[in-house]
Every structure is written in C-alpha cells, then in structure tokens.
Amino acid sequence: MNDDVRRKLLEAVERMPAFPESVHQVLTLSADINCSQKDLVEVIKKDPVFTLKILRLVNSPYFGLSREITSINHASVYLGLNTLKNVALGLAAVGAIPRTASERLDMGAFWLHSLAVAACASMLGRRLGVSRDDVANYFAAGLLHDIGKVVFALYLPDEFTAVIRQCAGSGAPLHHCELDVIGATHADIGGLLAEKWHLPGELREVVATHHSQGAGGDFMLNDCLFAANQISKKLSFGSAGNFVVEPLPPCVVNRFNMTMDELIADLPSLGEEVESARIFVKLGESR
C-alpha cells in the first residue's frame, strides 16, 4: 500500500463514528489483566441504555440461559468477562454504523452474512475445543470481519461501485478487485478502523488478515473465520458484495480433517444459530 492510498484510507476511517465512551472504558478495562468483574460492571452500569440492551441480549434465545438475568452483575457471573466484553463490543459496532451505508450496501444482507460467519466461526471453534469464553472472540471476529466494506461504501463510494462492477464482470474475489481498483482491500481499511475503535489486538489482526491465511496471529481463529466465511457464502446467508466461494486451503482442511461439504453437513443447526443471533443487529441498531 503506497502513502497516497494509506492517506485516503485513514481519511475515510476518521469519518466513521467513534464508540460510546462507556464501550471505550470496557475495552480499556478488559485489556488489563488485573481488571475485576466489579470494575467492568460499574462502567457498564453508568450507561442505562447500553445496560438494557445487554440484558435483553443475554436473556434472548441466543444465549439460551435457564433463568432470567436481571442485572449486569448477574450477567458478568453467568457469561464471564470476555463474553461480556464481546457482547458490548458487538452491540457498539452495529450501533456505530451510519444508516446511510444502506444506500450503497444492502445492510440487511450485509449483517445476515456477518452474523452467519460469526455463528459458524463460533461453532467451528467449539468443534475444535475452544472454551465458551474464548468462543466469544470467534463470534466478534465473524461479526466484524467485513466492516471495512462499510467504510468503502460510505466514504469511497465511486471506487467501491467500480469494485463491485469489476467483481461482477470478472468473477474474481472482491478483495482482488479492491486491490486492483483502490490499491487496498476491505481487510486493510477494516484493520485501520479496528485501531480507531481501539479493539483488542487479536481482533484487529484477524480483521486485517482474514483473507491472508498464515499471515500471523491466532491461526486457529483465522482458519475458523476463513472456513466460516466460505461456508456462509456457499449457503447464501446474506451477502457482503462477494459471491465467490474460495476453496479451503490445505491448512484449513487439515485443521478440521474435513472438506467444506463435510463441514457443512456437520453443522446442521447453523441456520437456527444465525436466526438466534439476529438480535445482535436488532438491538445494536435501536436507538
């Protein structure tokens, strides 16, 4: 990426809304190994609207808890700090997207694709033995992996339109066309947005490298995210502008010891999980 392209991307990222202060504090606290549940809960409780959204989400069928959670204190005990952090992060990210993005990008289809990748990545992580608390990272990565496309649609609309046109005409993957037309991909600008939002380092890295297998970071998370992305496209869960289903590279096939079709057959409840996860977008978009 040359300096002119990077400058253009940074200017676009700077125009994106910031997270609420309460979410910034949650992310800052949760990055501290000495952070306590009490500290995190006290920050969230200062934002009554956000508190209500989190409680509604926690009590939704997505989490399927056996008893109603009536306070953030209880939510932190039942979910754990990492899951609570990612719930807050996911809701804030959805809420930060300007509604005008829908003029150039079908946000209903975009969020359905993102939720499907999030749900599928979580299921694949659990299949590999990832703990319930750490699986929250997989959901957040899936939810936000394509967030750079929204920045392109909002603030580089002519270039993004040209990318979509080239992608449709050539049949090439979207990120290849982005590199050709813009000089950078949605993963590149997504990584810059993740920095602006002060997202956790692991999440920033996976957003920035989700089309680059073996580029670094958590290889298991990257592999799950890549597989989930292709599975979601193959099963036509929404759309984020890219309809090309890429084959699973050998490292991903070896990770699961399964082909893509075998993985799909091993995830019969994916549709139900995606449907349950829709509440993330419903609550996140509500004002």
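The rules we used
- Residues numbered from 1 in each chain as written.
- Predicted model: local features only at pLDDT ≥ 70, side-chain atom pairs only at ≥ 80, totals over all residues.
- Heavy atoms only, no water.
- Helix = DSSP H or I, 4+ residues; strand = E, 2+ residues; numbered from the N terminus.
- Rg over C-alpha atoms; globule rule 2.2 N^0.38 Å.
- Buried < 20%, exposed > 50% of the residue type's maximum accessible area, 1.4 Å probe, protein only.
- Contact = heavy atoms within 4.5 Å.
- Areas by Shrake-Rupley, 256 points an atom, 1.4 Å probe, with all protein chains shown as cover.
- 1 Å grid on protein atoms, 1.4 Å probe; cavity = no way out; pocket = protein on both sides within 12 Å on 5 of 7 lines; lining within 4 Å.
- Points joined across faces, edges and corners; volume = space filled by probe spheres on them.
- Nonpolar A, V, L, I, M, F, W, Y, C, P; charged D, E, K, R; others polar.
- Axes fitted to C-alpha atoms, helices over the stretch in contact; angles between N-to-C directions.
- Parallel < 35°, antiparallel > 145°, perpendicular 65-115°, else oblique.
- Domains from an automatic or database assignment.
- Buried area = accessible area lost by both parts, 1.4 Å probe.
- Salt bridge = Lys/Arg side-chain N within 4 Å of Asp/Glu carboxyl O.
- Polar contact = N/O pair within 3.5 Å; in protein donor to acceptor, adjacent residues only side chain to side chain.

## Some points on the overall build of the protein chain
Now for step 1: A count of helical and extended segments in the protein chain gives 17 helices and zero strands.
Now for step 2: Relative to the globule expectation of 19 Å for 287 residues, the C-alpha radius of gyration of the protein chain, 18 Å, shows essentially globular dimensions.
Now for step 3: Principal-axis analysis of the C-alpha atoms gives the protein chain an extent of 55 × 45 × 30 Å.
Now for step 4: Across the 287 residues of the protein chain, 53% fall into the buried class.
Now for step 5: Contacts in the protein chain between residues at least 24 apart in sequence constitute 72% of all its contacts with a sequence separation of at least 6.
Now for step 6: Per element, the accessible surface of the protein chain, about 12,500 Å² overall, is 51% carbon and sulfur.

## Comments concerning empty space enclosed by the protein
Now for step 1: Per the stated rule, a full pass over the model turns up one cavity of 30 Å³ or more.
Now for step 2: Of the volumes computed, that of the largest cavity is approximately 40 Å³.
Now for step 3: Around the largest cavity sit His113, Asp146, Lys149, His186, His211, Asn229, Lys233, Ala240 and Asn242, which together line it.
Now for step 4: Residues that form the lining of the largest cavity fall into these classes: one nonpolar, five polar and three charged.

## Structural notes on unusual backbone geometry
Now for step 1: Positive phi outside glycine occurs at His198, with the angle close to 55°.
Now for step 2: With respect to the helices and strands, His198 occurs in the loop between α12 (186-196) and α13 (201-209).
Now for step 3: Residue Asn257 is not a glycine yet carries a positive backbone phi of 55°.

## Here's the deal with the packing of helix α9 (residues 147-155) against α12
Now for step 1: In the contact formed by α9 and α12, the axes pass within 7 Å of each other and the chain directions differ by 95°. Considering their axes alone, α9 and α12 lie roughly perpendicular with respect to each other. In this structure, α9 uses Ile147, Gly148, Lys149, Val151 and Phe152 to contact α12, whose residues at the interface are His186, Ile189, Gly190 and Leu193.

## A word on the side chain of Lys149
Now for step 1: By the secondary structure assignment, Lys149 is in helix α9.
Now for step 2: Judged by its relative accessible area of 3%, Lys149 is buried.
Now for step 3: Beyond its immediate chain neighbours, meaning those up to four positions away, Lys149 contacts Leu105, Phe110, Phe160, Leu174, Glu178, His186, Ala240 and Asn242.

## What about the layout of surface pockets?
Now for step 1: In this structure, the largest pocket spans a volume of roughly 360 Å³.
Now for step 2: Taken together, 16 residues line the largest pocket, and the ones lying closest to its centre are Tyr62, Phe63, Thr83, Arg132 and Val135.
Now for step 3: Only α6 (81-96), α7 (107-127), α8 (132-144) and α17 (270-285) provide two or more residues apiece to the lining of the largest pocket.
Now for step 4: At five residues, α8 tops the list of elements feeding residues into the lining of the largest pocket.
Now for step 5: A breakdown of the residues in the lining of the largest pocket according to their chemical character gives 10 nonpolar, three polar and three charged.
Now for step 6: In this structure, the second largest pocket encloses a volume near 190 Å³.
Now for step 7: If you go around the second largest pocket, you meet 14 residues; those closest to its centre are Pro20, Phe50, Lys53, Gly95 and Gly284.
Now for step 8: Where the lining of the second largest pocket is concerned, the elements lending two or more residues are α4 (48-58), α6 and α17.

## Remarks on the environment of Glu159
Now for step 1: With respect to the helices and strands, the residue Glu159 is situated in helix α10 (residues 157-170).
Now for step 2: Taking the C-alpha atoms as reference points, Glu159 and Arg67, 92 residues apart in sequence, are found 50 Å from one another.
Now for step 3: Setting aside residues up to four positions removed in sequence, Glu159 forms contacts with Lys8, Val181 and Ile182.

## Focus on the domain arrangement of the protein chain
Now for step 1: Partitioning the protein chain into domains gives domain 1 (3-17 + 103-268) and domain 2 (18-96).
Now for step 2: Measuring from the centre of the C-alpha atoms in domain 1 to the corresponding centre in domain 2 gives 24 Å.
Now for step 3: On the domain 2 side, the residues contacting the 18 residues of domain 1 number 17 residues.
Now for step 4: Summed over both sides, the interface between domain 1 and domain 2 buries roughly 1,400 Å², with carbon and sulfur atoms accounting for 61% of that surface.
Now for step 5: At the junction of domain 1 and domain 2, the tally comes to zero salt bridges.
Now for step 6: At the junction of domain 1 and domain 2, the tally comes to five residue pairs in polar contact (both at pLDDT 80 or more).
Now for step 7: The element that contributes the greatest number of residues to the side of domain 1 that touches domain 2 is α8, accounting for nine residues.
Now for step 8: Here the residues of the side of domain 1 that touches domain 2 are counted per class, giving 12 nonpolar, two polar and four charged.

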